[in-house]
Amino acid sequence: MHPLNWAIVITYLVYVVWDGLRRSKDTTNIEGYFLANRSLPWWAVGLSVMATQLSAVTMIGTTGQGATDGMRFVQFYFGLPIAMVILGVTLVPFLHGAKVFTAYEFLEKRFDAKTRSLTAFLFLLSRGMSCGTIIAAPAVVFSAIFGWDMTWSVALIGIPTVLYTMFGGVQAVTWADVKQMVLIVFALVAIVIVLLIKIPVSPSDAFELAGATGRLTVFDFSWDITKTYTFWSGILGGTFLMLSYFGTDQSQVQRYLTAKSVDDARTSLLMSAYWKIPLQALVLIVGILVWVFYLFTGGPLLWNPAAEKQVIAAEPAAYQELQVRYGAAIQERNQDASFAVSGEHGVGADRTLPDRAALVASEAKVNAIRGEAQALVSKVTGAPARDVNYIIPHFVLHFLPLGLAGLFIAGVMAAAMSSIAAELNSLSTATVIDFYRRWWRPDGGEVELLRVSKLSTGLWGLFACVVATYAANLGSLIEVVNRFGSFFYGSILGVFLLAMLPRTSGAGAFFGLLAGMGAVAAVSFGMPEVSFLWHNVVGAVTVLVVGFVLSVVMPRRPMDGPPVGEFG
Amino acid sequence: VSGDASRFRRTASQVLLVQLVTLLLLWWFQQHFTS
């Protein structure tokens, strides 16, 4: 990469650390460190909510998914606006009004200490691990494209984030998120503009080509629960996932607990509801346009340069043979794409139709050869190829104008860092509030708790970096992050829903939670087979049913509190 | 507080309406370029 691009990346890293560290002097107590003394405006919280959710996986993996699979992934977010409105009416006013530090703290008020501790522990377990994968996702790509050692890639992203999160607390996290979100959107819009200029056909023709190969198929109305992305899994499964994520996951709950009022807290969530689907569509359109660009430019057989090197060294003859076939297939596809646009081979109003069919066939041929190359990568490296994550980085490094490549790489780092920072900040909050202060030092002073909070943030950062170094081969980047959450999310949501019902007890909530997790574990291992977006529905419904029945059957203890609505 | 609640109701209705329009736009996008 050109030195100017590196200068942009380094300037970004130095600025974000400096800006975070200078906020550390304003923090003198744990309410300031974890919740900014509940003083932040809705727009800053809203941007922080969005930046937390948008990780480097979105910038690299989802854009790549747009290039290979098209728009259908956007269905995943169809439930988000519904979930945000439901949360604005239910959990947000309560959690904000209850003046708690963590969502789990409320469960003790409503049920008992063991339910609080179990849910907080599950959060630490799943988020601690997923934080590692969030660092690993861009680190593995940087290692491959820049030839760095994985440890250095992890350190480059992890250390600056740990520094500003550890010393600056939530103030640093939120205000960094605001700037990072602006940088991310700017980078995405810039790449779309460059693509529209560089693609040799009109935008309308570009979309026609994408449409011809099925990439603009957004909606799938089938009721197949083994399919991951359908309209119904997005609307129903997606609503449950988003309710769980934004309503019970401390990394999100803590964002809106920093808002200065209940109204600011729920407006911040509605901001995300407004922008998430259009933003996700923009991310996928970046991928689609990159695919159209390479339709005319060719592009390599393998997008991952490190994997390509290994294959060339281990299987030179086989790879050479694939290269020859790939070259011919690419040329054929290029020609079919030109014909499909010009309509040279057809007649009448539907004159492009025969050429579209030819394009679909030649695209399938290219994909088949790419599939063979990826199988070769798996054979040589012993790990799945995951070539899709290298499509966008290839375009960024080879075709973006000077300066913009640096900006996009900084944008990928910003996306990773904003998510990691929020995770570390919330992991530390749950550790200190739900365990350290709850079980060991209920009378700990502010100075001690603040010191332990900073130490805990640093240790979680270290843990995440270690996990990241070894998480490289854990499975598709997107699915891994979602899968970790999915295992517990729905069940924890079930506990919070149970809390809103009258007559439910601590024992019902605790054993219902265990039953819910058991049910999700069963469907995760294919008994019966259900796609992962439905796991949250399975978990939440199991907890609700089992928890309610147990609450009615088992004798109620006096310590079980009133339902949510009766609080505050 | 009631002012906050009615403002929330108004904004939430707008959000859901905008999402409906977004889905319709995506549907048009799909139909226009895929058929």
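Just so it is clear, the structure is predicted and the values come from calculations on it, not from any experiment.

1. Observations concerning the pattern of salt bridges
Residues and elements named next belong to chain A.
Here is step 1: In this structure the tally under the stated criterion is 20 salt bridges over all chains.
Here is step 2: D19 is the partner of R23 in a salt bridge, and the nearest nitrogen-oxygen pair spans 3.7 Å.
Here is step 3: Here R23 falls in the buried class, since its relative accessible area comes to 16%.
Here is step 4: Looking at D19, the relative accessible area reads 3%, which means it is buried.
Here is step 5: Its salt-bridge partner being R72, residue D69 comes within 3.3 Å of it at the nearest N-O pair.
Here is step 6: One salt-bridge network, in which partners are shared between bridges, spans D19, R22, R23 and K179.

2. Let's talk about a nonpolar patch on the surface
Here is step 1: Together, A:L501, A:V541, A:V545, A:F548, A:V549, A:V552 and A:V553 make up an exposed nonpolar region whose accessible area comes to about 550 Å².
Here is step 2: Looking at the element boundaries, A:L501 is found in the loop between α20 (477-499) and α21 (506-524).

3. Here we look at the confidence of the model for chain B
Here is step 1: Looking at chain B as a whole, its pLDDT mean stands at 87, while 91% of the residues score no less than 70.
Here is step 2: Our summary of model confidence lists the complex with pTM equal to 0.89 and ipTM equal to 0.93.

4. Description of the nonpolar core
All names here are of chain A.
Here is step 1: Counting 183 residues, the largest nonpolar core has F78, L95 and F408 as its most contacted members.
Here is step 2: In contact with L95, other than residues within four places in its own chain, are V100, A103, F106, G247, V253, Y256 and L257.
Here is step 3: Formed by 15 residues, the second largest nonpolar core is a distinct cluster that contains A307, Y319, Y326 and V377.

5. A look at the state of the cysteines
Residue and element names in this part refer to chain A.
Here is step 1: Taken as a whole and judged by the stated rule, the model has zero disulfides over all chains.
Here is step 2: Free cysteine C131: the closest other cysteine sulfur is in C465, separated by 8.1 Å.
Here is step 3: For C131, a relative accessible area of 0% corresponds to the buried category.

6. Digging into the environment of A:A421
Residues and elements named next belong to chain A.
Here is step 1: Mapping A421 onto the fold places it in helix α18 (residues 404-440).
Here is step 2: Residues A421 and M166, spaced 255 residues apart in sequence, show a C-alpha to C-alpha distance of 8.9 Å.
Here is step 3: Beyond its immediate chain neighbours, meaning those up to four positions away, A421 contacts T161, Y164, T165 and V173.

7. As for the packing of aromatic side chains
All names here are of chain A.
Here is step 1: Taken as a whole and judged by the stated rule, the model has 41 aromatic pairs over all chains.
Here is step 2: Their ring planes at 40° and their centres at 5.7 Å tell us that F78 and F219 sit as a pair that is tilted. Here the residue F78 occupies a position in the loop between α4 (56-69) and α5 (80-89), and F219 occupies one in the loop between α10 (203-212) and α11 (231-248), the gap between them amounting to 141 residues.
Here is step 3: F219 sits in the buried class, given a relative accessible area of 9%.

8. Things to note about the side chain of A:R266
Here is step 1: Secondary-structure assignment places A:R266 in helix α13 (residues 262-297).
Here is step 2: Of the buried charged residues, A:R266 lacks a salt bridge, with A:D263 as the closest side chain of opposite charge at 4.0 Å.
Here is step 3: Those residues in contact with A:R266 that sit more than four places away from it in its chain are A:G88, A:V92, A:P93, B:D4, B:A5 and B:F8.

9. Some details on the interface of chain A and chain B
Here is step 1: Listed as interface residues are 26 residues of chain A and, on the opposing side, 20 residues of chain B.
Here is step 2: Carbon and sulfur atoms make up 72% of the surface buried where chain A meets chain B, a total of about 2100 Å² over both sides.
Here is step 3: Considering only the side of chain A, the residues that lose the most area to chain B are A:F219, A:D263 and A:Y274, jointly responsible for 27% of the buried surface there.
Here is step 4: At the surface where chain A touches chain B, the tally comes to one salt bridge.
Here is step 5: We note a salt bridge from B:R7 to A:D263, for which the minimum N-O separation is 2.4 Å.
Here is step 6: Between the two partners, chain A and chain B, sit five residue pairs in polar contact (both at pLDDT 80 or more).
Here is step 7: Contributions of two or more residues to the side of chain A that touches chain B are made by α5, α10 and α13 of chain A.
Here is step 8: The element that contributes the greatest number of residues to the side of chain A that touches chain B is α13(A), accounting for six residues.
Here is step 9: Counted by class, the side of chain A that touches chain B contains 18 nonpolar, four polar and four charged residues.

Each value, and the rule that gives it
- Residues numbered from 1 in each chain as written.
- Chains lettered and ligands numbered in written order.
- Predicted model: local features only at pLDDT ≥ 70, side-chain atom pairs only at ≥ 80, totals over all residues.
- Heavy atoms only, no water.
- Salt bridge = Lys/Arg side-chain N within 4 Å of Asp/Glu carboxyl O.
- Buried < 20%, exposed > 50% of the residue type's maximum accessible area, 1.4 Å probe, protein only.
- Patch = residues over 30% accessible without salt bridge, like charges linked within 9 Å, V, L, I, M, F, W, Y side chains within 5 Å.
- Areas by Shrake-Rupley, 256 points an atom, 1.4 Å probe, with all protein chains shown as cover.
- Helix = DSSP H or I, 4+ residues; strand = E, 2+ residues; numbered from the N terminus.
- pLDDT = per-residue confidence, 0-100.
- Core = buried A, V, L, I, M, F, W, Y, C linked by side-chain atoms within 4.5 Å.
- Contact = heavy atoms within 4.5 Å.
- Disulfide = S-S within 2.5 Å.
- Phe/Tyr/Trp six-rings, centres within 6.5 Å; stacked < 30°, edge-to-face > 60°.
- Lys, Arg positive; Asp, Glu negative; His and termini not counted.
- Buried area = accessible area lost by both parts, 1.4 Å probe.
- Polar contact = N/O pair within 3.5 Å; in protein donor to acceptor, adjacent residues only side chain to side chain.
- Nonpolar A, V, L, I, M, F, W, Y, C, P; charged D, E, K, R; others polar.

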